[in-house]
Amino acid sequence: LQALAPRVPVVDLFSDLPAFNVRAGAYLIPAYSQYLPAGSVCLCVVDPGVGGARQAVALQADGRWYVGPDNGLLSIVLRRAASFQAWKIVWQPKFLSSSFHGRDLFAPICARIARGESSTDWGRQIDSSQLLQPDWPNDLAEVVYIDPYGNAITGLRASCVAASAGLMLAGVACGHQRVFCEAIQGQPFWYANANGLVEIALPGGSAARLLGVDIATPVRIAC
Amino acid sequence: LQALAPRVPVVDLFSDLPAFNVRAGAYLIPAYSQYLPAGSVCLCVVDPGVGGARQAVALQADGRWYVGPDNGLLSIVLRRAASFQAWKIVWQPKFLSSSFHGRDLFAPICARIARGESSTDWGRQIDSSQLLQPDWPNDLAEVVYIDPYGNAITGLRASCVAASAGLMLAGVACGHQRVFCEAIQGQPFWYANANGLVEIALPGGSAARLLGVDIATPVRIAC
Amino acid sequence: LQALAPRVPVVDLFSDLPAFNVRAGAYLIPAYSQYLPAGSVCLCVVDPGVGGARQAVALQADGRWYVGPDNGLLSIVLRRAASFQAWKIVWQPKFLSSSFHGRDLFAPICARIARGESSTDWGRQIDSSQLLQPDWPNDLAEVVYIDPYGNAITGLRASCVAASAGLMLAGVACGHQRVFCEAIQGQPFWYANANGLVEIALPGGSAARLLGVDIATPVRIAC
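Bear in mind the structure is a predicted one, so any value in this text is a computation, not a measurement. (Residues numbered from 1 in each chain as written. Chains lettered and ligands numbered in written order. Predicted model: local features only at pLDDT ≥ 70, side-chain atom pairs only at ≥ 80, totals over all residues. Heavy atoms only, no water.)

## A word on the overall build of chain A
Phase 1 of the analysis: If you tally the helices and strands in chain A, you get four helices and 13 strands.
Phase 2 of the analysis: In terms of overall size, chain A behaves like a compact globule, its C-alpha atoms giving a radius of gyration of 18 Å where 223 residues would be expected to give roughly 17 Å.
Phase 3 of the analysis: Once the C-alpha set of chain A is aligned to its principal axes, its extents read approximately 55 × 35 × 30 Å.
Phase 4 of the analysis: The buried share among the 223 residues of chain A stands at 52%.
Phase 5 of the analysis: Restricting to contacts in chain A with at least 6 residues of sequence separation, those with at least 24 account for 65%.
Phase 6 of the analysis: Positive and negative charge centroids in chain A, built from 16 and 16 side chains respectively, lie 4 Å apart. (Helix = DSSP H or I, 4+ residues; strand = E, 2+ residues; numbered from the N terminus. Rg over C-alpha atoms; globule rule 2.2 N^0.38 Å. Buried < 20%, exposed > 50% of the residue type's maximum accessible area, 1.4 Å probe, protein only. Contact = heavy atoms within 4.5 Å. Lys, Arg positive; Asp, Glu negative; His and termini not counted. Charge placed at Lys NZ, Arg CZ, Asp CG, Glu CD.)

## Remarks on the environment of R124 of chain A
Residue and element names in this part refer to chain A.
Phase 1 of the analysis: Structurally, the position occupied by R124 is in strand β6 (residues 123-126).
Phase 2 of the analysis: Linking R124 and V213, residues 89 residues apart in sequence, is a C-alpha distance of 42 Å.
Phase 3 of the analysis: Dropping the residues within four chain positions of it, R124 is found in contact with W87, K88 and V90.

## With respect to the interface of chain C and chain A
Phase 1 of the analysis: Each partner contributes residues to the interface: chain C has 13 residues there, and chain A has 13 residues.
Phase 2 of the analysis: Here chain C and chain A share an interface that buries about 1,000 Å² over both sides, 65% of which is from carbon and sulfur atoms.
Phase 3 of the analysis: Contact with chain A buries area across many residues of chain C, yet F20, S98 and S99 of chain C alone supply 43% of it, more than any other trio.
Phase 4 of the analysis: Counting across the chain C and chain A interface gives zero salt bridges. (Buried area = accessible area lost by both parts, 1.4 Å probe. Salt bridge = Lys/Arg side-chain N within 4 Å of Asp/Glu carboxyl O.)

## Quick look at the relation of the copies chain B and chain A
Phase 1 of the analysis: Relative to chain A, chain B is turned by 120 degrees and slid 0.0 Å along the rotation axis, the superposed coordinates differing by an RMSD of 0.0 Å. The superposition operator between the copies reduces to a three-fold rotation axis. (Least-squares fit on C-alpha atoms with pLDDT ≥ 70 in both.)

## Observations regarding the side chain of N71 of chain C
Residues and elements named next belong to chain C.
Phase 1 of the analysis: Assignment of secondary structure puts N71 in the loop between β4 (64-69) and α2 (75-79).
Phase 2 of the analysis: You can call N71 buried: its relative accessible area is 19%.
Phase 3 of the analysis: The residues contacting N71, other than those within four sequence positions of it, are V22, V46, D47, P48, Q133 and W136.

## Here we look at the sheet that holds strand β2 (residues 41-43) of chain B
Residues and elements named next belong to chain B.
Phase 1 of the analysis: Taken in spatial order, the six strands of this open sheet run β1-β2-β4-β3-β5-β6, and their pairing is mixed. Two strands lie at the open edges of the sheet, namely β1 (10-12) and β6 (123-126), each paired on one side alone. Taking the axes of each pair of neighbouring strands and ignoring which way they run, one obtains an average angle of 25 degrees across the sheet.
Phase 2 of the analysis: Here β1 runs beside β2; their pairing, made up of three bridges, is parallel. (Pairing = 2+ DSSP bridges. Axes fitted to C-alpha atoms, helices over the stretch in contact; angles between N-to-C directions.)

## Thoughts on the sheet that holds strand β12 (residues 197-201) of chain A
For sheets, the rule is that strands pair by backbone hydrogen bonds, running either parallel or antiparallel.
Residues and elements named next belong to chain A.
Phase 1 of the analysis: Taking strand neighbours across the sheet as the criterion, the seven strands line up as β7-β8-β12-β11-β10-β9-β13 in an open arrangement whose pairing is mixed. Every other strand in the sheet has two partners, leaving β7 (140-146) and β13 (219-222) as the edge strands with one partner each. If you compare each strand with its neighbour and ignore which way they point, the axes differ by 30 degrees on average.
Phase 2 of the analysis: Direction of pairing for strand β9 (residues 166-169) relative to β13: antiparallel, over a ladder of four bridges. Paired with G166 across the strands is A222, a residue of β13.

## Describing the interface of chain B and chain A
Phase 1 of the analysis: With 13 residues of chain B in contact, the opposing surface of chain A contributes 13 residues.
Phase 2 of the analysis: Between chain B and chain A lies a buried interface of about 1,000 Å² when both sides are counted; carbon and sulfur atoms form 64% of it.
Phase 3 of the analysis: On the chain B side of the contact with chain A, Y149, C181 and A194 of chain B bury the most area, a combined 44% of that side's loss.
Phase 4 of the analysis: Taken together, the links from chain B to chain A amount to zero salt bridges.
Phase 5 of the analysis: Counting across the interface, chain B meets chain A through three residue pairs in polar contact (both at pLDDT 80 or more). (Polar contact = N/O pair within 3.5 Å; in protein donor to acceptor, adjacent residues only side chain to side chain.)

## Some words on unusual backbone geometry
Phase 1 of the analysis: Phi is positive for D62 of chain B, close to 50 degrees, though the residue is something other than glycine.
Phase 2 of the analysis: Looking at the element boundaries, D62 of chain B is found in the loop between β3 (56-61) and β4 (64-69).
Phase 3 of the analysis: Accessibility expressed as a relative area gives 37% for D62 of chain B, which makes it partly exposed.
Phase 4 of the analysis: One non-glycine residue with positive phi stands out, namely A170 of chain C, at about 55 degrees.

## Structural notes on the packing of aromatic side chains
Residues and elements named next belong to chain A.
Phase 1 of the analysis: Counted according to the given criterion, the structure contains 24 aromatic pairs over all chains.
Phase 2 of the analysis: Chaining the aromatic ring pairs together yields one cluster made of W65, W87 and W122.
Phase 3 of the analysis: Taking NZ or CZ as reference, R112 lies 5.2 Å from the ring centre of W91, over its face. (Phe/Tyr/Trp six-rings, centres within 6.5 Å; stacked < 30°, edge-to-face > 60°. Lys NZ or Arg CZ within 6 Å of the ring centre and 35° of its normal.)

## Details of the pattern of salt bridges
Phase 1 of the analysis: Inspection of every chain in the model, using the stated rule, returns 21 salt bridges over all chains.
Phase 2 of the analysis: Between R112 of chain C and E117 of chain C there is a salt bridge; the shortest N-O distance is 2.7 Å.

## Thoughts on the nonpolar core
Phase 1 of the analysis: One finds L28, I29, C44, L59, Y66 and L74 of chain C to be the most contacted residues of the largest nonpolar core, which totals 33 residues.
Phase 2 of the analysis: Of all elements in the fold, only α1 (22-33), β3 (56-61), α2 and β7 (140-146) of chain C reach the threshold of two or more residues within this core.
Phase 3 of the analysis: With eight residues, α1 of chain C is the largest single contributor of residues to this core.
Phase 4 of the analysis: Setting aside residues up to four positions removed in sequence, L74 of chain C forms contacts with I29, C44, V57, L59, Y66, G68 and P69 of chain C.
Phase 5 of the analysis: Core analysis: the next-biggest nonpolar cluster, separate from the first, contains 32 residues, L28, C42, A86 and W136 of chain B among them. (Core = buried A, V, L, I, M, F, W, Y, C linked by side-chain atoms within 4.5 Å.)

## Observations regarding the environment of W91 of chain A
All names here are of chain A.
Phase 1 of the analysis: Within the secondary structure layout, W91 lies in the loop between β5 (84-89) and α3 (101-114).
Phase 2 of the analysis: Here W91 falls in the partly exposed class, since its relative accessible area comes to 25%.
Phase 3 of the analysis: On a C-alpha basis, the gap between W91 and P108 in space is 10.0 Å, while along the polypeptide they are 17 residues apart.

## Thoughts on helix α1 (residues 22-33) of chain A
Residue and element names in this part refer to chain A.
Phase 1 of the analysis: Taking 1.5 Å of rise per residue, 12 residues should cover 16 Å, and α1 covers 17 Å from first to last C-alpha, within 8% of that figure.
Phase 2 of the analysis: The buried fraction of α1 amounts to 10 of the 12 residues, a majority that puts the element mostly inside the structure.
Phase 3 of the analysis: Those residues of α1 that are buried are in contact with β2 (41-43), β4 (64-69), α2 (75-79), β7, β8 (152-157) and β12.
Phase 4 of the analysis: The N-terminus of α1 is capped by N21, whose side-chain oxygen sits 3.3 Å from the backbone nitrogen of R23. (Expected span 1.5 Å × (residues − 1).)

## Overview of the side chain of S206 of chain A
Phase 1 of the analysis: Within the element layout of this structure, S206 of chain A appears in the loop between β12 and α4 (207-211).
Phase 2 of the analysis: With sequence-adjacent residues up to four places away left out, S206 of chain A is seen in contact with Y149 and G150 of chain A.

## Here's the deal with helix α1 (residues 22-33) of chain B
Phase 1 of the analysis: Burial runs high along α1 of chain B: 11 of the 12 residues are buried.
Phase 2 of the analysis: Those residues of α1 of chain B that are buried lie in contact with β2, β4, α2 (75-79), β7 (140-146), β8 (152-157) and β12 (197-201) of chain B.

## Focus: the environment of N71 of chain A
Phase 1 of the analysis: Here the alpha-carbon distance between N71 of chain A and V22 of chain A, two residues 49 residues apart in the chain, equals 7.3 Å.
Phase 2 of the analysis: At a separation of 3.1 Å, a polar atom in the side chain of N71 of chain A contacts the main-chain amide nitrogen of L73 of chain A.

See the structure below:
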């Protein structure tokens, strides 16, 4: 993709979003993309309704672009943005598979945006409020991703949780530590991760395996 | 690799081919590469006989290049091609490990092809029929790949299976659905995947885990 | 990263190093990087002490660059180098997370080195012997990595083990084979892998699963 789009970073958020769970993914996208430079293009795909009635959209939020389905995946990055515009993608590729719009539709649109093509060439502006999910909370008290080390990332922004707070995950109390090297061997803890989210980790091991948690496991703030 | 070979796409088919199973991989290569533009170069490695008597070859088929071992891996893409030519790779790298010709031999050849070097610089033309496996079927009624979602991809081209047909996989009947969003929760189904192959999937879950299937598990068309 | 640093190869050794185990990783780095051209830059991260007292360093060894923590990870590549120089990284990024110096500190330094910036712009030269771990052996008789096929890579250089030697791993004797295709089905064996390390493999299967071994499992040379 980058080869086609040399002007700005194009970031594929496929493999770092949870399979199937649109809502969990929605809370990761603003966390992942917050440090990308203006003009960056994010390909966002958690798309269990692919081939159905959901639309293909592009969102410009605080200067960055997000391309994906309008199933709620872009709702949290939109809700937190100060400036935004949204487009329905009306361009159609010559071949559109029924199951892989990430490849056939969203990726070419990302490339066109990154090359500087005007949105009028591929889209029609829409009211961005269509992308919102009013019922979803501002922060999601659930595990939204398990990383390759077994760290359990939540949909809670660390800036919204007091460092003095304990977290309950799968019945286990997890205290706060600022950094890994201050944590106690064998004892799960939470910390503000590199993307600003509350993350439960285990020094030198897999917190997810120790606690038996998975995506969508609820977490509770125990003050 | 792309950095060395800027003219055309160079695609590494390492990680999307099944480990050890050459025949299963052979049915994936034409499916994966069919949408690549003319001149693309595919690095194809499933190579359990590495270091033995099998030869290193390059195949040009319908305008695309394929580089890999002559163990049958390229036989199906060749069989389906309308125009083709094959070369034995006679160039030798300064250092050739006994176990990783993908790195030491095939990748440099891919780069040279992509840079536009003449095949006479590294190869000697051979009769391409040497690459064929006459005993292998036109479509393989087996699971040939399990993707990261747990979808079970078969070696059957969807265009050769009637949409009205049911499939039996691990004793479970799987009906056809056009798209994921029309499938029934908890119920495995088959559909024509984005590369034109028959794929058994489970809405929101892993079909492979539910059905206990793996690469080489047979599938049966139950009309 | 490569996009930012077009002059020389920049290699990310994140995903091919074992999680948490600094010592195991130290024996992989010289093996992985030995064939990279002069000027290459390796981003080396196994960093359980991130956020603590350990320093960020850059090492130039035999013409290649290595950037990472000074926790011992770079000690073996340094010990084996004929020429070397080391720098403490004194540059600070605007935002430095407490847990991901790979992204926030090491990667930007790699990019600056690859662009040809002078080390005086970001570092202060130090005595490289600070990076050594005198107690660590020249070769490590342990599993240091399990690859995606289930091959168990050890910290032993194959050039230091006689081909006539047997290896004991998890109570199982493993004889030597030159190449995979000469090994016996179902029987684990060892061979000199493509990076010069002793590796225990199983033809067509996962040696690690068969033998029940993991990173840090000891291996014994049985002459």
